[in-house]
Structure formats: C-alpha cells, structure tokens
There are 4 protein chains.
Amino acid sequence: MFVERENALYAELQFADFAEAWGFMTSVAILAEKANHHPEWSNVYNTVKIKLTTHDAGNIVTDKDRNLARSIESLYSRYSA
Amino acid sequence: MFVERENALYAELQFADFAEAWGFMTSVAILAEKANHHPEWSNVYNTVKIKLTTHDAGNIVTDKDRNLARSIESLYSRYSA
Amino acid sequence: MFVERENALYAELQFADFAEAWGFMTSVAILAEKANHHPEWSNVYNTVKIKLTTHDAGNIVTDKDRNLARSIESLYSRYSA
Amino acid sequence: MFVERENALYAELQFADFAEAWGFMTSVAILAEKANHHPEWSNVYNTVKIKLTTHDAGNIVTDKDRNLARSIESLYSRYSA
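Conventions we followed
Residues numbered from 1 in each chain as written. Chains lettered and ligands numbered in written order. Predicted model: local features only at pLDDT ≥ 70, side-chain atom pairs only at ≥ 80, totals over all residues. Heavy atoms only, no water. Helix = DSSP H or I, 4+ residues; strand = E, 2+ residues; numbered from the N terminus. Rg over C-alpha atoms; globule rule 2.2 N^0.38 Å. Buried < 20%, exposed > 50% of the residue type's maximum accessible area, 1.4 Å probe, protein only. Contact = heavy atoms within 4.5 Å. Lys, Arg positive; Asp, Glu negative; His and termini not counted. Charge placed at Lys NZ, Arg CZ, Asp CG, Glu CD. Buried area = accessible area lost by both parts, 1.4 Å probe. Salt bridge = Lys/Arg side-chain N within 4 Å of Asp/Glu carboxyl O. Polar contact = N/O pair within 3.5 Å; in protein donor to acceptor, adjacent residues only side chain to side chain. Nonpolar A, V, L, I, M, F, W, Y, C, P; charged D, E, K, R; others polar. Pairing = 2+ DSSP bridges.

A.B. asks: For this particular structure, what's the right way to read the overall build of chain A?
C.D. replies: The helix and strand tally for chain A stands at 2 helices and 4 strands. Mapped from its N terminus to its C terminus, chain A presents α and β elements in the order β-β-α-β-β-α. Taking 2.2 N^0.38 as the reference for a compact globule, 81 residues should give roughly 12 Å; the C-alpha atoms of chain A span a radius of gyration of 12 Å, in line with that estimate. Projected onto the principal axes, the alpha-carbon positions of chain A cover approximately 35 × 25 × 20 Å. Burial status across chain A gives 53% buried among its 81 residues. Considering only contacts in chain A between residues 6 or more positions apart, those separated by 24 or more positions represent 59%. In chain A, 8 side chains carry a positive charge and 11 a negative one; their mean positions are 3 Å apart.

This is the structure:
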C-alpha cells in the first residue's frame, strides 16, 4: 500500500465515508504517538493521504517509517476486508 | 448485537486493542452527533459498552435508538470481518 | 484567524503537542460532519492547516465555510485561552 | 480534580458540548496509550467520568495512576481556562 519515492513512504487510502476515515486516522494517531513518530497527513472527506519520513535522520526513510507503515497497513487491511 | 432490555438497547463490543476500540468509538461519536442522539457508553482497553435510550421520550427505546444501533452494527461488521 | 484568499478560507493553528492537536481536530471533525461540510486539512505534529471552500458551489467561499470557520475559531479560542 | 477513594482515582468532568468532550477524551486516549495505562471511563453527552487504578498491582493506586491523572488535569485546565 505504501510506496517509497523521494526519500519518503506514501499512501493514499479510501474509506466508506468521513466518519470511517476519521476513526481510522484516530487509531493511527494513537499508534503514531506511542511510536513517537508522527506522519505528515491530510484528509478530505473519505480520502486520507499519508507521508512518512524521518526528519531527525535528515528526511530519509528509516525503520521508524517502515514500522509505522506496517502498523497502518495492518489496521487498514481490517477495514477493507 | 444490540439487545433490548429494561427500555434500552445494550451492546458490548470487543476490538483487537485500545487503538482500534478508540478509532471505532470516534466514528460512532461522529455519527451520534450527526443524529443528535448520544449514547451512554464506557470503555476499558479493548472493550466498549453502549447503552441507547431516548431520554426525551421518557427513557424508552425509540426509532432514534434503533437507527443509531443499526449504524453502529453496520460499522462494527466492517471491523470484525 | 481564518483568512480569505483565492476563493477559500485558510487557517494554520498551533497546539501544545500532537495529543492536543488531534483532540482539537476530532472536535472539528464532529462539527464538520454535523454541518455536512468537510474541510481539506493536514496535520504535522502540533500544526494543523485548514482550507474551507464549497465544492458544490463551484469552489467559492459560501456561508457554509464562514459558519464552520466561526465554529473552529470559537473552539480554538478556548484552547489557547 | 481527581479524588482518591477505595483504591482508585476518580474525576467527573464537564464540557461545553459533546464535540468538545470527545475531543478531550481523544487527547487523553493518546496520552493513555503512550503511557500504556488505560482508564476505565464513560461518557454521556458533555460529561466524562474517569476511574484510574492499576490492575497489575492488584487494583491499587500507583504512580502510573497519579501521573496519568496529572496529565489529564493539565489538559483539562487548558479547556476550562
């Protein structure tokens, strides 16, 4: 789901509606704070765009990004089942 | 999922973990405010208990409760798929 | 707080930390769904950027945008008090 | 704000409305998961009841509870300012 380009991981996710999109983002927000690694992300209605990169490492993709991406993908797979 | 007893609808839902439970509750919160009908609900870790009754109608079960219960069940069915 | 330019209302808000920013956005999400009018918005850590425009009216600023902007400003004023 | 009785810390908080209450709870949810210490809590419209106790320590009040209580009080003081 996430693709790597220009030293960041990107995903664009679709949901049934805004309420579902926001619930998903809130779950991700909880995971992100726990990992102390926060996405750059945006939302319009049922669409969520996520960019992951590690600023402290000089804006490159690190294991912090890959681990958070995996958590997000795992959560999303349960939504779209 | 919801069962009716003593003039209210009750459900107890389980999730994979706290982050997923809270994301679900946040989706329900959005639906509830939109319907202008709010649950009495509680959370401990991955468990969510919901009680629906219509105070304005004298604490009985009305279509407001049944409609919100249906929306919650529909959302939950996508989580547990 | 919101400024109008190029047929949209824009605001950029700062919070104490990510947890506070996300709590604020969740309150706004609830208000937005109730008004059936959703922002284009993004978040990085404690910063929230919001763009309001009315797509159905041809991407111009309407009272829907002004009303939601006012609600957001009112909520934000309580945070930063 | 929190009071200790029967081996737990209790608080009952009021907000302007449901949207504000839920935003607050979502901030607390993020802090709780980060601390890996979750409240027993309930919500009805603009009222939030929170109980903190440490199950792993045999349902007594520990520093985990006191620390989370302090974070919640700090956050709430900004809302009601």
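There's more to say after this.
A.B. asks: Got a minute to help me understand the environment of A:T62 in this structure?
C.D. replies: All names here are of chain A. Residue position: T62 is located in the loop between β4 (47–52) and α2 (63–79). Residues T62 and E6, spaced 56 residues apart in sequence, show a C-alpha to C-alpha distance of 13 Å. Beyond its immediate chain neighbours, meaning those up to four positions away, T62 contacts T54 and A57.

A.B. asks: Whenever I open this one, the interface of chain B and chain D confuses me. Can you help?
C.D. replies: One frequent convention defines the size of an interface as the accessible area lost when the parts assemble. Taken together, the contacts link 14 residues of chain B with 14 residues of chain D. For the pair chain B and chain D, the two sides together bury roughly 1300 Å², of which 70% comes from carbon and sulfur. By the criterion of area lost to chain D, the three top residues of chain B are B:F18, B:W22 and B:W41, representing 42% of everything that side buries. The tally of links between chain B and chain D comes to 0 salt bridges. At the boundary of chain B with chain D, the tally comes to 4 residue pairs in polar contact (both at pLDDT 80 or more). Of all the secondary structure elements, the ones that give two or more residues to the side of chain B that touches chain D are α1 (18–34) and β3 (40–44) of chain B. Sorting elements by how many residues they give to the side of chain B that touches chain D places α1(B) first, with 6 residues. Considered class by class, the residues forming the side of chain B that touches chain D number 8 nonpolar, 4 polar and 2 charged. Bridge count between β3(B) and strand β3 (residues 40–44) of chain D: 5 bridges; the pairing is antiparallel. Directly across from B:S42, in β3(D), lies its bridge partner D:S42.

Distances and angles like these do not, on their own, reveal function.
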